[in-house]
Amino acid sequence: MAVPLFKWPGGKRWLAPTLVELVRTRLGRGSTYFEPFAGGAALFFALTPKRAVLTDINSALVESYTAVRDAPDAVLRALRRIPVNEEEYYRRRAARPRSAVGRAARLLYLNRTAFAGMYRVNRKGEFNVPYGGGRSHAILWERDILHIASGVLKHTTIAACDFANTMRRARDGDVVYCDPTYTTAHNNNGFVRYNECNFSWHDQHRLAEAAARAAARGATVIISNAHHKAIATLYPSWQVRIISRLSLISPHRTARVPITEYLIVSPTRR
């Protein structure tokens, strides 16, 4: 069974079983599955589509997926040589490998051994999560996660680009799943400052427009987004459901609170 290579902020592994059924009933025979905000690609790995386009604006992430697809053994050899300890972690965090395989191994290592398995960069784009205190990356080969992922990625188009460029390719019978970067928003907060650095209100408008165009061409578009009344106004004729999960930010289960999000689906064509 394929599982995500990366633990990613806002990952949808918890929602993947629901989304898989939603996609499978709408994906036409011989059609293509598109995921323009790849991140950890939880739905992609749960779905294991025969034809897929996986893209993200994060070029380091895209390069890592490409290296795992094309050179899994080389990536694994590089990973197995890296010990897990605090000194090595910070040395790797500061390193700048010259090869794509080396960079992929570094990103996988940091993601698996960082505090809480987090992915976070500063304004310069530098990974800045502290050491996780003994978390291991060995699971990638002990459970064959990397090789299985490589097999799923084999017939997948992978690219670094803006989501709108990816969505332009969707046609009748295709399915597009969008999971843009967003933080938890509440209806008493405006969108002026809402996640402006990562995915702005202007980007939300661009997403709604790109989604409407793809749906008009016959593609099904499914979007996970913040539960905020301003978002719902962008999709007036679409199916908008509220879904909930427990926040995973706190390490203490009793301190985790329910988080609500929107699941938005394009109208069925008649």
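Report follows, based on the coordinates. All values derive from a computational prediction rather than experimental measurement. (Residues numbered from 1 in each chain as written. Predicted model: local features only at pLDDT ≥ 70, side-chain atom pairs only at ≥ 80, totals over all residues. Heavy atoms only, no water.)

Time to look at the packing of aromatic side chains. Within the structure shown, the criterion is met by twelve aromatic pairs. With a centroid separation of 6.3 Å and 45° between ring planes, the pair formed by Phe45 and Tyr65 is classed as tilted. Taken together, the residues span a long stretch of sequence, with Phe45 in helix α2 (residues 42-47) and Tyr65 in helix α3 (residues 59-70) at a distance of 20 residues. Residues Phe45 and Tyr65 agree in their burial class; the two are buried. Aromatic side chains Phe163 and Phe199 sit 5.8 Å apart centroid to centroid with 55° between the ring planes, which places their arrangement in the tilted category. One end of the pair, Phe163, is in helix α9 (residues 163-167); the other, Phe199, is in the loop between β4 (175-178) and α10 (201-216), and 36 residues separate them in sequence. In this structure Phe163 comes out as buried when scored by relative accessible area, which is 4%. Take Phe199: its relative accessible area is 5%, and that puts it in the buried class. Each residue in the set Phe6, Trp8, Phe44, Phe45, Tyr65, Tyr119 and Phe127 is aromatic and connected to the rest through ring pairs, giving one cluster. (Phe/Tyr/Trp six-rings, centres within 6.5 Å; stacked < 30°, edge-to-face > 60°. Helix = DSSP H or I, 4+ residues; strand = E, 2+ residues; numbered from the N terminus. Buried < 20%, exposed > 50% of the residue type's maximum accessible area, 1.4 Å probe, protein only.)

Let us look at the nonpolar core. Membership of the largest hydrophobic core comes to 53 residues, with the highest contact counts inside it found for Leu5 and Tyr65. Not counting residues within four places of it along the chain, the set of residues in contact with Tyr65 comprises Leu5, Phe6, Gly39, Gly40, Ala41, Phe45, Leu54, Leu153 and Ile158. Phe37, Val53, Leu207 and Tyr235 belong to the second-largest nonpolar core, a separate cluster that totals 25 residues. (Core = buried A, V, L, I, M, F, W, Y, C linked by side-chain atoms within 4.5 Å. Contact = heavy atoms within 4.5 Å.)

In this model α10 runs 23 Å from its N-terminal to its C-terminal C-alpha over 16 residues, within 8% of the 22 Å that 1.5 Å per residue would give. Considered for burial, the residues of α10 that qualify are Asp203, Gln204, Leu207, Ala208, Ala210, Ala211, Ala214 and Ala215. Among the residues trailing α10, Gly218 stands out with phi positive, at a value near 105°. (Expected span 1.5 Å × (residues − 1).)

Here we come to the packing of α3 against helix α6 (residues 100-113). Where α3 meets α6, the closest approach of the two axes is 9 Å, and the angle between their N-to-C directions is 110°. Put simply, α3 runs roughly perpendicular to α6. On α6, the residues touching Ala60, Leu61, Glu63, Ser64, Ala67 and Val68 of α3 are Ala100, Arg103, Ala104, Leu107 and Leu108. Counted by class, the contact of α3 with α6 contains eight nonpolar, one polar and two charged residues. (Axes fitted to C-alpha atoms, helices over the stretch in contact; angles between N-to-C directions. Parallel < 35°, antiparallel > 145°, perpendicular 65-115°, else oblique. Nonpolar A, V, L, I, M, F, W, Y, C, P; charged D, E, K, R; others polar.)

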